Amino acid sequence: MSNPTLTIAAHIADATQVRAAAFVPVNLRATSANMPLSVQADVPTFPATSPAQTVTGTWIVAGSRVTASGIALVNTQSVGVGYTALPASSGPLQIQPGNPHVLITF
């Protein structure tokens, strides 16, 4: 089974299907189509219009077999959590569809 990796912030959606606006890439060495592959340390940000909406997220579980600079790559099977401006979780993050050019096979 192969899972697409993450390179574009717009492929991340929060629990309410709002797409991420950006993420600051930590990995700048491993790329696909001149876009850095996302790693577990990357923090996605969302365009929240109210305090009850997701504003940021973190990756709890990423792929453990493939790394960039020693940090696990984020793929469609990774688990992330979104957070609101209030100290609460907004639910899981989802990757849709991911980068089909770099697949991780388990």
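Residues numbered from 1 in each chain as written. Predicted model: local features only at pLDDT ≥ 70, side-chain atom pairs only at ≥ 80, totals over all residues. Heavy atoms only, no water.

As for the overall build of the protein chain
Stated precisely, the cut-off is as follows: Helix and strand labels come from DSSP, where a helix needs a run of H or I of at least four residues and a strand needs a run of E of at least two; each type is numbered from the N terminus. Our radius of gyration looks at C-alpha atoms and nothing else; its globule reference is 2.2 Å times the residue count to the power 0.38. Any residue under 20% of the maximum accessible area for its type is buried, any over 50% is exposed, and the rest in between are partly exposed; the area is computed with a 1.4 Å probe on protein chains only. We call two residues in contact when some of their heavy atoms are within 4.5 Å. Each accessible area value is a Shrake-Rupley result obtained with a 1.4 Å probe; residue values ignore everything except the protein chains displayed when judging cover.
Each helix and strand in the protein chain was counted, giving zero helices and twelve strands. Taken from the N to the C terminus, the helices and strands of the protein chain come in the order β-β-β-β-β-β-β-β-β-β-β-β. Computed over C-alpha atoms, the radius of gyration of the protein chain comes to 13 Å, within 12% of the 13 Å expected from 2.2 N^0.38 for 106 residues, which places it in the range of a compact globule. Per-residue burial for the protein chain yields a buried fraction of 40% across its 106 residues. When contacts within the protein chain are restricted to residue pairs at least 6 apart in sequence, long-range pairs at least 24 apart make up 57% of them. Summed over all atoms, the accessible surface of the protein chain reaches about 5,600 Å², with 61% contributed by carbon and sulfur.

Observations concerning the nonpolar core
Defined as follows: Definition of nonpolar core: a set of buried residues of the types Ala, Val, Leu, Ile, Met, Phe, Trp, Tyr and Cys, connected through side-chain atoms within 4.5 Å.
In this structure, Leu 6, Ala 9, Ile 12, Ala 20, Phe 23, Phe 46, Trp 59, Val 74, Leu 93 and Ile 95 together form the largest nonpolar core, which totals ten residues. Not counting residues up to four positions away in its chain, the partners in contact with Ile 95 are Leu 6, His 11, Trp 59, Val 74, Asn 75 and Thr 76.

Here's the deal with the pairing of strand S11 (residues 89-95)
Let me state the cut-off plainly: Two strands pair if DSSP finds at least two bridges between them.
With two bridges joining them, strand S2 (residues 12-13) and S11 adopt antiparallel strand pairing. The residue bridging Ile 12 from the neighbouring strand is Ile 95, located in S11. Bridge count for strand S10 (residues 79-84) against S11 is four bridges, and the pairing is antiparallel. What sits directly across from Gly 82, in S11, is Gly 91. In sequence, S10 turns back onto S11 through a hairpin of four residues.

Digging into the side chain of Ser 78
Stated precisely, the cut-off is as follows: Nitrogen and oxygen atoms within 3.5 Å of one another constitute a polar contact, given that in protein one can donate a hydrogen and the other can accept it, and given that sequence-neighbouring residues count only through two side-chain atoms.
Residue position: Ser 78 is located in the loop between strand S9 (71-72) and S10. There is a polar contact of 2.9 Å between the side chain of Ser 78 and the backbone nitrogen of Asn 75. For Ser 78, the residues in contact, after removing those within four places along its chain, are Trp 59, Val 61, Ala 62, Gly 63 and Leu 73.

Quick word on the environment of Ser 38
Structurally, the position occupied by Ser 38 is in the loop between strand S5 (35-36) and strand S6 (44-45). In the structure, Ser 38 is positioned 50 residues away from Ala 88 in sequence and 24 Å away in space, judged by C-alpha atoms. Residues within four places of Ser 38 in sequence aside, it is in contact with Leu 6, Phe 23, Leu 73 and Val 74.

Focus: unusual backbone geometry
Put simply, Gln 96 and Pro 97 share a cis peptide bond, and its omega is -5 degrees. Relative to the helices and strands, Pro 97 is located in the loop between S11 and strand S12 (99-105). For Ala 33, which is not glycine, the phi torsion reads 55 degrees and is therefore positive. Judged by its relative accessible area of 65%, Ala 33 is exposed. With phi around 65 degrees, Asn 34 is a residue other than glycine that occupies positive phi space.

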